[in-house]
Every structure is written in C-alpha cells, then in structure tokens.
Amino acid sequence: MPRLTEATKQARRHQIIDAAFTCFTAKGYTHTSMTDIIRESGLSSGSIYSHFSGKGDILYATVQQRIDMIAAAYGELKDPSPRDIMRMIFATSTVEANFTSMLRIRLESFTVPEVQESTNTLFTTLHDIVAQSLIPWGQRYLEAENKRKPSADELQAFVSDTADALILTFQGFMVRSTLSPSTDREHLFQIALSLLPE
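Quick summary incoming for the structure in this document. Remember, it's a predicted structure, so these values are computed and weren't measured experimentally.

### Examining the overall build of the protein
Looking only at helices and strands, the protein features 10 helices and 0 strands. Ordering the α and β elements of the protein from the N terminus gives α-α-α-α-α-α-α-α-α-α. Reported as C-alpha extents along the three principal axes, the dimensions of the protein are approximately 70 × 40 × 30 Å. Expressed as a percentage of its 198 residues, the buried residues of the protein come to 44%. Put simply, of all contacts in the protein between residues at least 6 apart along the chain, 66% involve residues at least 24 apart. Carbon and sulfur atoms form 55% of the exposed surface of the protein, whose accessible area is close to 10,800 Å². Mean positive and mean negative side-chain charge positions of the protein (19 and 23 charges, respectively) differ by 5 Å.

### Focus: the packing of aromatic side chains
Throughout the structure, instances matching the rule amount to 7 aromatic pairs. Each ring, one from Trp 137 and one from Tyr 141, has its centre 5.0 Å from the other, and the planes form 35°; the classification is tilted. Placement of both Trp 137 and Tyr 141 in helix α8 (residues 135–146) is noted, with a separation of 4 residues, approximately one turn of the helix. The interplanar angle of 15° and the centroid separation of 5.3 Å between the aromatic rings of Tyr 141 and Phe 158 together place this pair among those described as stacked. Here the residue Tyr 141 occupies a position in helix α8, and Phe 158 occupies one in helix α9 (residues 152–179), the gap between them amounting to 17 residues. Following the ring pairs from residue to residue traces out a cluster consisting of Phe 90, Phe 173 and Phe 189. Geometry around Tyr 29 places Lys 55 over its ring, the cationic atom sitting 4.3 Å from the centre. Seen from the ring of Phe 21, Arg 66 lies directly overhead, with NZ or CZ sitting 3.6 Å from the centre.

### Focus on the side chain of His 127
With respect to the helices, strands and loops of the structure, His 127 is situated in helix α7 (residues 113–133). A residue is classified by how much of its surface remains accessible, and His 127, at 14% relative accessible area, is buried. A distance of 3.1 Å separates a polar atom in the side chain of His 127 from the backbone oxygen of Ser 160. Once residues within four sequence positions are removed from consideration, His 127 is found in contact with Ser 160, Ala 163, Asp 164 and Ile 167.

### Some details on the pattern of salt bridges
Inspection of the entire model under this criterion finds 5 salt bridges. For Asp 36, the salt bridge goes to Lys 27, with nearest N and O atoms at 2.9 Å. The buried category is assigned to Asp 36, whose relative accessible area is 13%. When its relative accessible area of 34% is taken as the criterion, Lys 27 is described as partly exposed.

### A short note on the packing of α7 against α9
In contact at an axis separation of 9 Å, α7 and α9 are set at 120° when each is read in the N-to-C sense. Between α7 and α9, the crossing angle belongs to the class labelled oblique. Here α7 runs over α9; the crossing is right-handed. For the pair α7 and α9, the contacting residues are Phe 123, Leu 126, His 127, Val 130 and Ala 131 in the first and Val 159, Ser 160, Ala 163, Asp 164, Leu 166, Ile 167 and Gln 171 in the second. By residue class, the composition of the contact of α7 with α9 is 8 nonpolar, 3 polar and 1 charged.

### Notes on helix α10 (residues 185–194)
Because each turn of an α-helix spans 3.6 residues, side chains separated by three or four positions end up pointing in the same direction. Listing the buried residues of α10 in full gives Leu 188, Phe 189, Ala 192 and Leu 193. Here the buried residues of α10 occupy an arc of 140° about the axis, which is enough to place them on one side. Packing partners of the buried residues in α10 comprise α5 (82–91) and α9. Where α10 starts, the residue carrying a side-chain oxygen 3.2 Å from the main-chain nitrogen of Glu 186 turns out to be Asp 184.

The rules behind the values
- Residues numbered from 1 in each chain as written.
- Predicted model: local features only at pLDDT ≥ 70, side-chain atom pairs only at ≥ 80, totals over all residues.
- Heavy atoms only, no water.
- Helix = DSSP H or I, 4+ residues; strand = E, 2+ residues; numbered from the N terminus.
- Buried < 20%, exposed > 50% of the residue type's maximum accessible area, 1.4 Å probe, protein only.
- Contact = heavy atoms within 4.5 Å.
- Areas by Shrake-Rupley, 256 points an atom, 1.4 Å probe, with all protein chains shown as cover.
- Lys, Arg positive; Asp, Glu negative; His and termini not counted.
- Charge placed at Lys NZ, Arg CZ, Asp CG, Glu CD.
- Phe/Tyr/Trp six-rings, centres within 6.5 Å; stacked < 30°, edge-to-face > 60°.
- Lys NZ or Arg CZ within 6 Å of the ring centre and 35° of its normal.
- Polar contact = N/O pair within 3.5 Å; in protein donor to acceptor, adjacent residues only side chain to side chain.
- Salt bridge = Lys/Arg side-chain N within 4 Å of Asp/Glu carboxyl O.
- Axes fitted to C-alpha atoms, helices over the stretch in contact; angles between N-to-C directions.
- Parallel < 35°, antiparallel > 145°, perpendicular 65-115°, else oblique.
- Left-handed = near helix turned anticlockwise from the far one by under 90°.
- Nonpolar A, V, L, I, M, F, W, Y, C, P; charged D, E, K, R; others polar.
- Arc of directions from axis to C-beta.

This is the structure in structure tokens:
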C-alpha cells in the first residue's frame, strides 16, 4: 500500500475534523460517538485512528482549526480599533457561523472536562489574538488620552482589558441575536458598536 503524502495526510485530517464538527454541532459533543464521526467522514475507522487517538483529540484539533481561522481573519486587518474588529466580525459570515456552531459545544463545558479545557484554550487564545491586534491602536489611544507615551505595562493592561470588553460585547451580541432571531440585528449591532471605543 503506497504511503500517504503529507498533503494527503493533511487533507484527511481536515476531512475528519470537518466531519466531527458537523456531528458536534448537530448532536453535541457528548452525544457524538466515534461511529458517528467515522460515518460522516466516509473514512475507515483505521484511517481515523491513524490521525487521532479518540474523540477528545479530535475536539482539540477542531478548536485549533477554529483558532487558526480566527487568527487569519484578524491578520487581514491593519492596526484595527475595537470598532474595526467588531465591524469585521459582523461582516464576516464565517466568524458568525463559527460562533453559532460552537455555542452548542461550549455549553457542554459545564459538565464535560475535555470541552471545558478546549473552551478555556479557545477563549485564552482568542483574547491574546485580539489584544495583540489592538496594540498599535492602544498606543495611539493612550498617547492622545494622556498626552504622553504609555509604559509597556500600561499599554498591555489597556489592550488586555479592551480585548475582554470587545469579546464580551461580541459574545453578548451573538447570543442575543442567535437566541432572538426576530431581533433587528443591524440595530442591535449598532448598539453593541457604540459600547466600544473608536
């Protein structure tokens, strides 16, 4: 049997992750079995287990794939303000779809340790990505506010707090608009946007 190329291995991993994500969002992590993932992927059990040790390992890879997607979206922004980031999120269907799909999985973090661990990893990494992207804006903002250059500690604390505020605002907006589909999303978005600094 011919050996798989690295490109083929990566394609198989993505195929498995995509299948698992479909199952996790449809049935939840707890109620998804390895049999479900095997069936959804169309691959053999041997192929699945040659790439992943089990369902928890696949969950971790699924979360990491989402983190990579988020990082790529933020990487396209040039020195964004919090409102620039919020506008990007609102305009990017992939980000919104990702949040909605992950919401069901995240709710299981209250009872499933591996989901809690993956959720913590996602939130911590997301915070760091946002805070890092806000540094140039934070520097300008603090200089204008304080009429002096901020220290490294001041800047780091400010962008960290602002990243938390942005994430909280985005998550609140998404939960509200997802759970109340009759809501005027554009109006709700403008309210959320007004809570963030320019």
